[in-house]
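Observations on the three-dimensional arrangement
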Amino acid sequence: MSDHISENLFDLFTRDLADLSATVIETPQGQRISYGDLIVLTGQMANALAGLGLKPGDRVAAQVEKSVQALILYLATVRAGRVFLPLNTGYTPTEIDYFVGDAEPAIFVCDPAAAADLQATADRAGARLVTLDAAGRGSLTDAAAAASPDFATVPRQGDDLAALLYTSGTTGRSKGAMLTHGNLVSNTLALRQAWRYSADDVLIHALPIFHTHGLFVATNITLFSGASMIFLPKFDGGQVMDLMPRATVLMGVPTFYTRLLQDARLDRDATAGMRLFVSGSAPLLAETHREWQARTGHAILERYGMTETNMNSSNPYDGDRIAGTVGLPLPGVEIIVTDPETGAELAQDEIGMVEVRGPNVFQGYWRMPEKTAAELRDNGFFITGDLGKIDPRGYLHIVGRGKDLIITGGYNVYPKEIETEIDAIDGVVESAVIGLPHGDFGEAVTAVVVPAAGADLSESAILSALSGRLAKFKQPKRVIFAPELPRNTMGKVQKNLLRAEHDALFR
Ligand code: AMP
């Protein structure tokens, strides 16, 4: 009977494994873990978690460095029917206090070096504190090592929670997105099909695992394909170059690609064995796409997603991968563009709010029913907060976050359009266009520009290059030069920091 079939993500990927002796994880230190080992290790860890008094549905929060043990903690938590809550390693104890207080996990795993600082946080939230360090050692590992590997995976239904991931919160307080087994599995299967993933694939895994990209996209697609991954503690361009001859896929944020382009070894030969380069989590510059193709012959495949929805769209595996677009909706996912005021669906090529519906869309924000009601419509569409348009070929273009839209003298200005023009000027590496408070205009269009080393650029040269190309109201009132743009760990430009830094420019 169908209601007795478990839809636990762990049951679903292990059920179809053809070869338990195949490698799933390999580390630069030469550690090799087979699928059979993974079942043993997650069984021990799941027993250790149960021994700490967890009940199904409880949260396990972890602020730990990337390690094989940390990944096993994720899988064991899901296998045990608990809810995994990964936390960015960059968060300070004050920030952690908010997350742990909000989520009230039953267990909180942290680095041994941070345990003294975080004990009070754990106590306040009623969480048991255990430790795990970057080398995979700590009280949690000790408990797992002493536990039995025999563990009956806890049956779950598709709409049971598997994970709680906090949004990055660049435009307000972070919210916990509740993701189910069904959300994660459906999205993994859609991506596996879209990207032609198979057991022969070897992924270079260089992303952090506290975020949807590295934790779900990269890891789950590997597991559901019976494939393997070379698990790196962090991105290191030289190391990625060394590994390419042994790998088939790289998944990265745009900065991976801009950094690899600086490596003189990057060429057709170095990437000859690679099948697929995926980029996402932040916009990939069209320039980077073109340069990469010229150097390697590979067209980077850009996809679009977010914590709340997993992945929504992807450029095609077969067919045109169009730079500056995020491709077509994934199988089973609907994408529409609506009028931000009225919610009415807009016509092709009109810019508006991107909305998404499908089995990938989360259940709502943890303990925030009003926020959930404001962003998740009754008809199932999630209001992403991204502005975009759908072109006549059906490709989605993202023009920026709604909160980054500039309204100047009553006109809407979409930063991406101005940034694209500025980036095309000789000697410009990249740019960020923001709105700053202005007495007359409400907001003044302002460009922050990163010049190339040795480039001879001036504010007036940039403004005159733009003058014939953009309507007057879109032209920056000022250009500020900066050595680099502030980015978070996922490579997203933090426009909120730029706005704060230059807040007084026109006051
Ligand atoms: P996060 O929840 O941290 O994954 O952030 C999701 C946000 O990242 C989206 O709402 C977009 O604003 C942005 N994003 C993700 N992928 C892309 C992409 N390929 N192009 C442009 N923006 C992207």
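Residues numbered from 1 in each chain as written. Predicted model: local features only at pLDDT ≥ 70, side-chain atom pairs only at ≥ 80, totals over all residues. Heavy atoms only, no water.

**Focus: the overall build of the chain**
How we decide: Starting at the N terminus, helices and strands are each numbered in turn, a helix being any DSSP run of H or I of at least four residues and a strand any DSSP run of E of at least two. Just to be clear, the radius of gyration here is over C-alpha atoms, and the globule rule we use is 2.2 Å times residues to the power 0.38. Burial classification: accessible surface area is computed with a 1.4 Å probe over protein chains only, and a residue below 20% of its type maximum counts as buried, one above 50% as exposed, and the rest as partly exposed.
Regarding its fold elements, the chain presents 15 helices and 24 strands. Taking 23 Å as the expected radius of gyration for a compact globule of 507 residues, we find that the chain reaches 23 Å, a close match to that expectation. Reported as C-alpha extents along the three principal axes, the dimensions of the chain are approximately 70 × 55 × 50 Å. The buried share of the chain, reckoned over its 507 residues, is 57%.

**Regarding the side chain of Thr288**
Threshold: The contact criterion used is simple: two residues touch if any of their non-hydrogen atoms lie within 4.5 Å.
Residue placement: Thr288 occurs in helix H11 (residues 286-296). Each residue touching Thr288, except ones within four places of it in the same chain, is listed here: Tyr257, Thr258 and Leu261.

**Re the pattern of salt bridges**
The criterion, for reference: The term salt bridge refers to a side-chain nitrogen of Lys or Arg lying within 4 Å of a carboxyl oxygen of Asp or Glu.
This model, assessed by the stated rule, comprises 26 salt bridges. As a salt-bridge pair, Asp201 and Arg275 come within 2.8 Å of each other at their nearest N and O atoms. Of the two residues, Asp201 is situated in the loop between helix H7 (181-194) and strand S9 (202-205) and Arg275 in the loop between helix H10 (254-260) and strand S12 (276-279); the sequence distance between them amounts to 74 residues. Residue Asp201 is classed as buried on the basis of its relative accessible area, which comes to 3%. Linking Glu334 and Arg357 is a salt bridge whose minimum nitrogen-to-oxygen distance equals 2.9 Å. Separated by 23 residues along the polypeptide, Glu334 in strand S16 (residues 334-338) and Arg357 in strand S17 (residues 352-357) bring together distant segments of the chain. Here Arg357 falls in the partly exposed class, since its relative accessible area comes to 27%. Put simply, Glu26, Arg32 and Arg246 are held in one network by salt bridges that share partners.

**Remarks on the pairing of strand S8 (residues 176-180)**
Using the following cut-off: By definition, two strands form a pair when at least two bridges between them are found by DSSP.
In terms of burial, S8 is a largely internal element, five of the five residues being buried. Of the two faces of S8, the one lined by Gly176, Met178 and Thr180 and the one lined by Ala177 and Leu179 are each fully buried. Relative to S8, strand S7 (residues 161-166) runs antiparallel, the two being bridged by five bridges. Residue pairing in the sheet places Leu161 in a bridge with Thr180 of S8.

**Comments concerning unusual backbone geometry**
At Asn310, a position not held by glycine, the phi torsion is positive, near 60°. Among the structural elements, Asn310 can be located in strand S14 (residues 310-314). Within the chain, Asp349 stands out as a residue other than glycine whose phi angle is a positive 70°. Note on placement: Asp349 falls in the loop between S16 and S17.

**So, helix H5 (residues 115-125)**
Short version of the rule: Directions from the helix axis toward the C-beta atoms define the arc.
Within the sequence span of H5, burial applies to Ala115, Leu118, Thr121, Ala122 and Ala125. Taken end-on, H5 shows its buried residues confined to a sector of 120°, consistent with a single buried face. More than 90 degrees from the buried face of H5, the exposed residues found are Ala116, Asp123 and Arg124. Here the buried face of H5 lies against strand S3 (59-63), helix H4 (93-103), strand S5 (107-110) and strand S6 (128-131).

**Let's talk about the site of the ligand**
What counts here: Note on definitions. A residue lies near a molecule or strand when any single heavy atom of the residue is within 4 Å of it. Any pair of nitrogen or oxygen atoms within 3.5 Å is treated as a polar contact; in protein, a donor-acceptor pairing is required on top of that, and neighbouring residues in sequence qualify only through side-chain atoms on both sides. Each accessible area is a Shrake-Rupley result for a 1.4 Å probe, and residues are judged covered by the shown protein chains and nothing else.
Every one of the 16 residues lining the ligand counts as a neighbour, but Arg303, Thr307, Asp386, Arg401 and Lys492 are closest to it. Within the side chain of His211, an N or O atom sits 3.0 Å from an oxygen atom of the ligand. Within the backbone of Arg303, one N or O atom sits 2.8 Å away from a nitrogen atom of the ligand. For the ligand, whose unbound accessible area comes to 500 Å², protein coverage reaches 92%.

**Concerning the packing of H7 against helix H8 (residues 212-225)**
Applicable threshold: Structural elements are reduced to axes, namely lines fitted to C-alpha atoms, with helices fitted over the stretch in contact, and the angle between N-to-C directions of any two is expressed from 0 to 180 degrees. Any angle that is under 35 degrees is reported as roughly parallel, and any over 145 degrees as roughly antiparallel; angles of 65 to 115 degrees are reported as roughly perpendicular and all others as oblique. As a working rule, the residues Ala, Val, Leu, Ile, Met, Phe, Trp, Tyr, Cys and Pro are called nonpolar, Asp, Glu, Lys and Arg charged, and the rest polar, with Gly in that last group.
It is the contact of H7 with H8, at a shortest axis distance of 9 Å, that shows an interaxial angle of 75°. Judged on the interaxial angle alone, H8 and H7 are roughly perpendicular. Along the contact surface, H7 presents Leu184, Val185, Thr188, Leu189, Leu191 and Arg192, while H8 presents Phe216, Val217, Asn220, Ile221, Phe224 and Ser225. In terms of residue class, the contact of H7 with H8 is built from eight nonpolar, three polar and one charged.

**Overview of the nonpolar core**
For clarity, the cut-off: Side-chain atoms within 4.5 Å link the members of a nonpolar core, which is a set of buried Ala, Val, Leu, Ile, Met, Phe, Trp, Tyr and Cys residues.
Counting residues in hydrophobic clusters, the biggest one holds 132 residues, and the most contacted among them are Phe13, Phe108, Val109, Trp195 and Met251. Those residues in contact with Phe13 that sit more than four places away from it in its chain are Tyr35, Leu38, Leu75, Leu223 and Phe224.

Everything listed here is a matter of coordinates, which is why it stays silent on function.
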